[in-house]
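Below are the chains, spelled out letter by letter.
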Amino acid sequence: MASTNNNPKVLLKRTFSLKEQSSLILCTDTMAQSSRFVVEEFLDNIPDEMPIVFVSFETPNRPKYARQFIDASGKTTQQLVAALQPYLPQPQEQAPKMHLVIFDTFNYIGSESLTQFISTIASPFVTILATYHQSIPAWRPAELQNYPTAIQLLQFIANTVIEVTPKTSIDEDDLDADLSRFVIPKNLNNPTYYITLTNKRKSGRAIKNKFLINSKTHDYEYVIEKQEPVTDESPEMFEGLTTFNLNTSEKQKLAKDQVELPYLEAQSFNSGGAIVYEFEKDDDYDEEDPYEDPF
Amino acid sequence: MSFRKRGEVLSDGNAARRNIVPGGMIPRDMPSRNNAQRPSGAISRGPMGGAAPGRVVPNIGNVHRDLKGLHISGRTAQAIPQAEASSGFSAVHPGIRPSPATSQQTTSTGCTDLDKLMGHSGFPLGCSLLIEEESTTDFNSILTKVYASQGIVHNRIEGSHGFKDGNTHLIVLSLNHHLTKELPGVYKGSRKDIKKSKIAQEQSKVTVSNLLESQSKSNTSAQRNKDLKIAWRYGMNDDSAKSESSREVDQSETYPDYNHQFDITSTLIPAPTSNEISFISPLLPAASVLSQMESIIKRHNSKLIRILLPNLLHPALYPPKMTQLHELIPLLHGLRSLLKKYKERCVMLSTISTSLYHNQPLFTAQIEQLFDGVIVLEPFGQEMLQFLERAYKSQPNKIQHGLVHIKKLPVFSERGEMHVSKSEWAFKNGRKRFEIEEWGIPVEDEDDSNKKNKDSSMQKARPPQDEHQQSHTTNLDF
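Residues numbered from 1 in each chain as written. Chains lettered and ligands numbered in written order. Predicted model: local features only at pLDDT ≥ 70, side-chain atom pairs only at ≥ 80, totals over all residues. Heavy atoms only, no water.

Student: Explain the overall build of chain A here, please?
Tutor: A count of helical and extended segments in chain A gives 8 helices and 9 strands. Scored against the burial criterion, the 295 residues of chain A give a buried share of 37%. Considering only contacts in chain A between residues 6 or more positions apart, those separated by 24 or more positions represent 63%. Of the accessible surface of chain A, which amounts to about 18,800 Å², a share of 51% is contributed by carbon and sulfur atoms. (Helix = DSSP H or I, 4+ residues; strand = E, 2+ residues; numbered from the N terminus. Buried < 20%, exposed > 50% of the residue type's maximum accessible area, 1.4 Å probe, protein only. Contact = heavy atoms within 4.5 Å. Areas by Shrake-Rupley, 256 points an atom, 1.4 Å probe, with all protein chains shown as cover.)

Set out below in structure tokens:
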């Protein structure tokens, strides 16, 4: 139960250094902000000796950090699995090292073969770090019209989902509208950006946290989503609305607050059941008589 | 936990059977019943579960069933006319009772609160229920496991011969054969109760050490008698308390084995055998799934059949082609027609995770249409849980885990009654039960201190009234 109170920053650190047990880490990015910096954050945090396999669909250029580089373009999933297999921990190994397999994108694997593909690669000693570009439209065959889309599937399977959003001053809707017309505003793809980290526990319960990441300085800042404070009625609200004077002065307000509403009276049970008897002038009360007790 | 392990080593075969012996009030009447049986320890075939007191109607059935059991084990199964077997079946099954709403025969889902929610205090026979879950959590698996366990426990009620020819059979449409090892066992009271009953069992056993002890302490037998007497007295008190309490308790007296409470941290021992549970791969063509299922139903022609279809269309278990309507609908429709064909002794439970299909409302609607009842579990999000944790700071066991929506109820919805309730119920999952209760937003007392301040300021702000009250009191003093 204490789970929801966990320090989010610690969780982020653990995620970046792969200490949090997670077999599939999914980064979703858009045209506005690439997940490249997030992947670099991971590389910055993991131990140096960890074997890294880079599977590339998009570039023939081998990144510096990759121990193994697999060019996946044009390969079917079976061929890709066959190419990957020698670099993964073998089942006969006693205590294999943690392996990191980075996919530059999952967009080119069809949703129909995605779950099978991931389940063949995944094992307790392999962490898959993959990106899905949400700006690329997905095509799916007519016979799979009821099957979930690739992004739905990935978000369902992944233990950790990192959604990357840019830090801009532009309104979110305006940005979407611009990008959909391929109007690309300036200052996107900054090394400073927001991520929304969704972490799924074993039970499947998801915990979401938002962070501001600075990839230059490797500073992580936890962003608390601000709630719109409920504004109390203030005199300024009525200013200039009508020609009537709707304002209340301080004195009037105080008087208004002091009015005891009838239902409040009914709720106070302090004097419940007591007989309240008020003496009047004409009442004849004999102090000597013990039986003449008005109560 | 460690205590249970020690018990396993110590006890003989009786311990295994004891796990099976059902009944909500085990902790109460268990020791006495055991003591009663101890002298005739070798008798294992007796109608153990049936010996519960206060059960009127099913007792007759028990005799009948026992005779039947004798027939089968003695000579041939064909000795009983098939018609009698199927007609005699539902009247005598310990897990069947009439629905309080429609007096249809119903059986338990394994979860008492879900039974209540269904409006029939159980599953009307011949009906199916779909449980949808709206996020990646896995609360539905608890309900499926409890449902499966309940079937197995019903099957074993009559003691050891339940293994051979019991009264219930479970058919699971899944490839996950590990399910048999994950089924929860019957809840046996709190840890204290278990310890007590263990001690009682150990003491009542005829072992060398116990005999020696009894020789050294001649008063142990007297002591034991005294224990018995106390147990008996408590029993009396319980009975009188019961008769005073509500009708519901009465019904649980009449149908003591109708449903059981399960402890999800324990496992059902011994694990169900192939005679109690059968697996069918749902990936086979629909026609062969259905023919296999029908042959199983026919083979167990005197048993209640509980069908379980867990994690329907889960991407890890089902290939993508199963989401095509021409693959899925024949399967579900065929299952439904089998249910209706053998409606006097079949029920079906299915679960689906709808988070993958929420943008295909037509698709889910088509699935829902093929089920008699549809219940949705909607686990709370992070903010809601945080809020609940804050609100129930002092009572953490009150925190609910999600909402329960009802889309359809068996029988009622078929008649055209509208039973749609959204956000009226909430569930919480604990070790010993899956509870469903009425949902109410808890009052958050975070601004307690603010309120106090306000109160004091208000009191300060109304001195005239206080004066008035004072004048009252002076008057009274006078």
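Moving on from the model shown.
Student: What should I look at first to understand the packing of helix H3 (residues 77–84) of chain A against helix H4 (residues 111–121) of chain A in this one?
Tutor: Each pair of packed helices can be summarised by the angle the axes make with each other and by the distance between the axes. Residues and elements named next belong to chain A. Their axes nearest at 11 Å, the elements H3 and H4 cross at an angle of 10°. One element, H3, and the other, H4, form an angle in the roughly parallel class. Judged by residue contacts, Thr77, Leu80, Val81 and Leu84 of H3 engage Ser113, Phe117, Thr120 and Ile121 from H4. Residue composition of the contact of H3 with H4, grouped by class: 5 nonpolar, 3 polar and no charged. (Axes fitted to C-alpha atoms, helices over the stretch in contact; angles between N-to-C directions. Parallel < 35°, antiparallel > 145°, perpendicular 65-115°, else oblique. Nonpolar A, V, L, I, M, F, W, Y, C, P; charged D, E, K, R; others polar.)

Student: Would you take a moment to explain the interface of chain B and chain A for this structure?
Tutor: It is common to give the size of an interface as the accessible area lost on bringing the parts into contact. Each partner contributes to the interface: chain B provides 30 residues, whereas chain A provides 31 residues. Carbon and sulfur atoms make up 56% of the surface buried where chain B meets chain A, a total of about 2,700 Å² over both sides. It is Thr136, Leu356 and Gln382 of chain B that lose the most area in chain B upon contact with chain A, and together they represent 20% of the buried surface on that side. At the junction of chain B and chain A, the tally comes to 0 salt bridges. Our enumeration of links across chain B and chain A arrives at 6 residue pairs in polar contact (both at pLDDT 80 or more). Where the side of chain B that touches chain A is concerned, the elements lending two or more residues are helix H17 (382–391), helix H19 (448–461) and helix H20 (463–477) of chain B. In terms of residue class, the side of chain B that touches chain A is built from 11 nonpolar, 16 polar and 3 charged. (Buried area = accessible area lost by both parts, 1.4 Å probe. Salt bridge = Lys/Arg side-chain N within 4 Å of Asp/Glu carboxyl O. Polar contact = N/O pair within 3.5 Å; in protein donor to acceptor, adjacent residues only side chain to side chain.)

Student: Mind showing me how you'd approach the sheet that holds strand S1 (residues 96–98) of chain B here?
Tutor: Across a sheet, paired strands are connected by hydrogen bonds in the backbone, their directions being either parallel or antiparallel. Residues and elements named next belong to chain B. The strand order across the open sheet formed by 3 strands is S1-S2-S3, and the pairing between neighbours is antiparallel. Since the sheet does not close on itself, it has two edges, and those belong to S1 and strand S3 (123–124), each with one partner. Where S1 and strand S2 (residues 105–107) come together, 3 bridges link them in antiparallel fashion. Bridging across to S2, Ile96 finds its partner in Thr107. (Pairing = 2+ DSSP bridges.)

Student: I keep staring at the nonpolar core and nothing clicks. Help me out?
Tutor: One broad rule of soluble globular proteins: the nonpolar side chains tend to lie buried together. Residues and elements named next belong to chain B. By size, the foremost hydrophobic cluster in this structure holds 39 residues, and its most contacted members are Leu114, Leu129, Leu377 and Phe434. It is helix H7 (residues 140–156) that contributes the most residues to this core, 7 residues altogether. In this structure, Leu290, Ile297, Leu332 and Leu356 belong to the second largest nonpolar core, which totals 38 residues. (Core = buried A, V, L, I, M, F, W, Y, C linked by side-chain atoms within 4.5 Å.)

Student: Would you take a moment to explain the packing of aromatic side chains for this structure?
Tutor: Ring pairs (aromatic) are described by centroid distance and by the angle formed between their planes. This model, assessed by the stated rule, comprises 15 aromatic pairs over all chains. Judged by centre distance (6.5 Å) and plane angle (80°), the rings of Phe106 of chain A and Phe117 of chain A are edge-to-face. With Phe106 of chain A in the loop between strand S4 (99–103) and H4 and Phe117 of chain A in helix H4, the pair connects residues that are 11 residues apart, well separated along the chain. There is no split in this pair, since Phe106 of chain A and Phe117 of chain A are both buried. Aromatic pair Phe427 of chain B and Phe434 of chain B: ring centres 5.3 Å apart, planes at 10°, arrangement stacked. (Phe/Tyr/Trp six-rings, centres within 6.5 Å; stacked < 30°, edge-to-face > 60°.)

Student: Please explain the pattern of salt bridges as it appears in this structure.
Tutor: Where charged atoms from two side chains of opposite charge approach closely, those side chains can pair. All names here are of chain B. This structure, assessed with the given rule, holds 13 salt bridges over all chains. The shortest N-O distance in the salt bridge between Asp372 and Arg336 comes to 3.1 Å. Taken together, the residues Asp372 in the loop between helix H16 (361–369) and strand S11 (373–379) and Arg336 in helix H15 (residues 325–341) connect sequence positions 36 residues apart. Classification of Asp372 by relative accessible area gives buried; the value is 6%. One salt bridge in this structure joins Lys340 and Asp372, with 3.0 Å as the shortest N-O distance. With a gap of 32 residues between them, Lys340 in helix H15 and Asp372 in the loop between H16 and S11 connect regions that are remote in the sequence.

Student: Please explain the sheet that holds strand S10 (residues 346–353) of chain B as it appears in this structure.
Tutor: Residue and element names in this part refer to chain B. Taken together, 9 strands build an open sheet; the order of strands is S8-S5-S9-S10-S4-S11-S12-S13-S14 and the sheet is mixed. A single partner strand is all that each edge strand has here, and the edge strands are strand S8 (277–280) and strand S14 (434–438). Looking at each pair of strands side by side, their axes are set apart by 25° on average, direction ignored. Alignment of strand S5 (residues 168–173) against S8, held across 4 bridges, turns out to be parallel.

Student: Whenever I open this one, the pairing of strand S9 (residues 304–312) of chain B confuses me. Can you help?
Tutor: A regular strand places its side chains on the two faces of the sheet in alternate fashion. Residues and elements named next belong to chain B. Burial runs high along S9: 8 of the 9 residues are buried. In terms of strand pairing, S5 meets S9 through 5 bridges, oriented parallel. Following the sheet pairing, Thr168 is matched in S9 by Leu304. Of the strand pairs in this sheet, S9 and S10 are connected by 6 bridges, and their pairing is parallel. Bridge pairing in S10 links Leu312 to Ile352. Following the backbone out of S9, through H15 and into the adjacent parallel S10, one traces a crossover that is right-handed. (Right-handed = clockwise from strand over helix to strand, strands pointing away.)

Student: Would you take a moment to explain H4 of chain A for this structure?
Tutor: Residues three or four positions apart in an α-helix share a direction because the helix packs 3.6 residues into each turn. Of all the residues in H4 of chain A, the buried ones are Ser111, Ser113, Leu114, Thr115, Phe117, Ile118 and Ile121 of chain A. For H4 of chain A, the secondary structure elements touched by its buried residues are strand S1 (24–29), H3, S4, strand S5 (126–133) and helix H5 (150–157) of chain A.

Student: Explain the pairing of S11 of chain B to me, please; I cannot follow it from the model alone.
Tutor: Residue and element names in this part refer to chain B. Most of S11 sits inside the fold, with 6 of its 7 residues counted as buried. Across 5 bridges, strand S4 (residues 128–133) lies against S11 in parallel orientation. Within S11, the residue paired with Ile131 across the bridge is Ile375. Bridge analysis of S11 against strand S12 (residues 402–408) gives 6 bridges, and the strand direction is antiparallel. Note on S12: the bridge partner recorded for Ile375 is Ile406.

Student: Is there a simple way to think about the packing of H15 of chain B against H16 of chain B in this case?
Tutor: All names here are of chain B. Where H15 meets H16, the closest approach of the two axes is 10 Å, and the angle between their N-to-C directions is 20°. Viewed along their axes, H15 and H16 adopt a mutual orientation that is roughly parallel. Seen along the crossing, H15 lies across H16 with a hand that is right-handed. Only Phe363, Gln366 and Ile367 of H16 make contact with H15, whose side of the interface consists of Leu325, Leu328 and Leu332. Residue classes in the contact of H15 with H16 are distributed as 5 nonpolar, 1 polar and no charged. (Left-handed = near helix turned anticlockwise from the far one by under 90°.)

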